[in-house]
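Structural overview
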Amino acid sequence: MGTYLLALDQGTTSSRAILFDREQNIIAVSQKEFTQLYPREGWVEHDPMEIWSSQYGVMMEVIAQSGVKPADIAAIGITNQRETTILWDRATGRPICNAIVWQCRRTAELVDRLRAQGLEEHIRSTTGLIPDAYFSATKIAWILDQVEGARERARRGEVLFGTVDSWLLWKLTGGAVHATDVTNASRTMLYDIRKLDWDDTLLQALDIPRAMLPRVCSSSEIYGYTNIQGVSIPIAGMAGDQQAALFGQTCFTPGDAKNTYGTGCFLLMNTGTKPCFSSHGLLTTIAVGLGGTVQYALEGSVFVGGAVIQWLRDELRFFPESRDAEYYAQKVPDNGGVYLVPAFTGLGAPYWDMYARGILVGLTRGTRREHIIRAAQESIAYQVADLVHAMEGDTGLPLRTLRADGGACRDAFLMQFQADVLDRQVLRPAIRETTALGAACLAGLAAGVWGDSGELKALRRPDTSFVPAMEAPRRDELMGQWHRAVERCRGWAE
């Protein structure tokens, strides 16, 4: 049996493949960006065939780079951008339209219609989610409404729905397997996270035929096989990107939490084998399905995390490289009273205000570029702190440490400031590719590369630790001013 694990990490802006060995060393990495489509204001699309071709290309490239023979690859794990919705023709394997991306807001009116039908509480109690255009359900309904004949063909099983994991699994298996895992199913706003089945009430409300939906599996099992250079390799792990990162960070016990500092920020806390429902605007979701059991998580989503630094770089042209933000933020002793709330596409948890918009406050004649850059950096940490406090209030579980991952966690200023405003230790892992690692671990468990999660914990390498060093009065002052700024940006687009 092979001992290498191949992780396919299909993200919002790029497709990556990473090859790990049994000791979790990275053997080779390949990455390819793909086109972002913005047909109208607030609409975001991807070409599913470009997703597939870019992911297949990097998979083959990483094998060629590494020199590892396909026969030595024990299994493939898939992790993916969640909620992004693809409908395709069962017979041809071609999409019937572009994918609607998780960021897309075009279905806000459909969400309002569900609320008007009195389904908000049903959605919360059944799916663990709140009614929002973020999730897959209204995206499916919109495509069925807009593409002529799609709904009738879906009723006959001729048109299939999948999130990106399902799409890749279908293509990798040559159309033999139409399946998803419980973590991705839990992000559709159609899945009963306690009964572990699609919910007929919501399917009926949106007129979505059950025949088009994928079979729901655990996060670690052999779903099917793909052929690479004449070798049949099992596809044995699947999880949405944030749940994969939670698993890759070895957050296996209740109270363990991680935050991914990417384009957005996604904070997940493992809450154990019973779902914990939030009174602070957080989402209840499935953390992992493993060994016949399901673990749940609370999740808070920040729509604009690292993207605020990209905004300073690309639109305001404050610096040429994102990593420069760390340098400039430390050129001033504090934020100079400046607060930036990056509600460019509304506010996520715990506010859930689709009509909030970005705001920059506290400017004086003495405000410098460095103050604005620092305010942008700090805004990421404030938003995460809001999520942590909401989670602790919901669960009664005090957060001991926060595990950090994602591209922005390389920023030492941001990590230290996060520790300071949270008054909690922040741990940055030695292996930064925790999302891909989580997919590889799930696949490796199913393929027998590792016996249990205890072996995975034993392989974890030392983290870089950021210890809080801020006095409580200063921390309270900063968070208080942040909350004043947030209140001023809410409801602006109305």
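The structure this text deals with has already been given above.
Residues numbered from 1 in each chain as written. Predicted model: local features only at pLDDT ≥ 70, side-chain atom pairs only at ≥ 80, totals over all residues. Heavy atoms only, no water.

This part covers the packing of helix 2 (residues 108-116) against helix 4 (residues 136-146). Two measures define how a pair of helices packs: the angle their axes make with one another and the distance between the axes. At a minimum axis separation of 9 Å, helix 2 and helix 4 run at an interaxial angle of 110°. Considering their axes alone, helix 2 and helix 4 lie roughly perpendicular with respect to each other. Crossing geometry of helix 2 relative to helix 4 is assigned as right-handed. When helix 2 is examined against helix 4, the residues Leu-110, Val-111 and Leu-114 are found in contact with a partner set consisting of Thr-138, Ala-141 and Trp-142. Looking at the contact of helix 2 with helix 4 residue by residue, the classes come out as 5 nonpolar, 1 polar and no charged. (Axes fitted to C-alpha atoms, helices over the stretch in contact; angles between N-to-C directions. Helix = DSSP H or I, 4+ residues; strand = E, 2+ residues; numbered from the N terminus. Parallel < 35°, antiparallel > 145°, perpendicular 65-115°, else oblique. Left-handed = near helix turned anticlockwise from the far one by under 90°. Contact = heavy atoms within 4.5 Å. Nonpolar A, V, L, I, M, F, W, Y, C, P; charged D, E, K, R; others polar.)

Attention now moves to the nonpolar core. Core analysis: the largest hydrophobic core is formed by 111 residues, its most contacted members being Leu-190, Ile-208, Met-212, Tyr-261 and Val-341. Here the element with the most residues in this core is helix 12 (residues 369-395); it accounts for 13 residues. For Met-212, the residues in contact, after removing those within four places along its chain, are Leu-87, Ile-140, Leu-144, Ala-154, Val-159, Leu-160, Phe-161 and His-178. Counting 35 residues, the second-largest nonpolar core is a separate cluster that includes Ala-17, Val-58, Leu-169 and Val-177. (Core = buried A, V, L, I, M, F, W, Y, C linked by side-chain atoms within 4.5 Å. Buried < 20%, exposed > 50% of the residue type's maximum accessible area, 1.4 Å probe, protein only.)

A few words on helix 2. Residue pairs three or four apart in sequence face the same way in an α-helix, which turns once every 3.6 residues. Listed in full, the buried residues belonging to helix 2 are Ala-108, Leu-110, Val-111 and Leu-114. The buried residues of helix 2 occupy an angular sector of 160° when projected down its axis, which confines them to one face. Turned more than 90 degrees from where helix 2 packs its buried face, Glu-109 and Ala-116 sit exposed. Where the residues of helix 2 are buried, they touch helix 3 (120-127), helix 4 and helix 8 (200-206). Two residues or fewer past helix 2, Gly-118 is found with a positive phi of approximately 75°. (Arc of directions from axis to C-beta.)

As a further point, take the packing of aromatic side chains. In the structure shown here, the tally under the stated rule is 19 aromatic pairs. On the numbers, 5.3 Å between centres and 75° between planes, the contact of Tyr-191 with Trp-198 is edge-to-face. Its relative accessible area of 2% is what places Tyr-191 among the buried residues. Each residue in the set Trp-102, Tyr-134, Phe-135, Phe-266, Phe-303 and Trp-352 is aromatic and connected to the rest through ring pairs, giving one cluster. Note that Arg-106 overlies the ring of Trp-142, its terminal NZ or CZ placed 4.7 Å from the centroid. Over the ring of Tyr-328 we find Arg-369; its NZ or CZ atom is 4.6 Å from the centre of that ring. (Phe/Tyr/Trp six-rings, centres within 6.5 Å; stacked < 30°, edge-to-face > 60°. Lys NZ or Arg CZ within 6 Å of the ring centre and 35° of its normal.)

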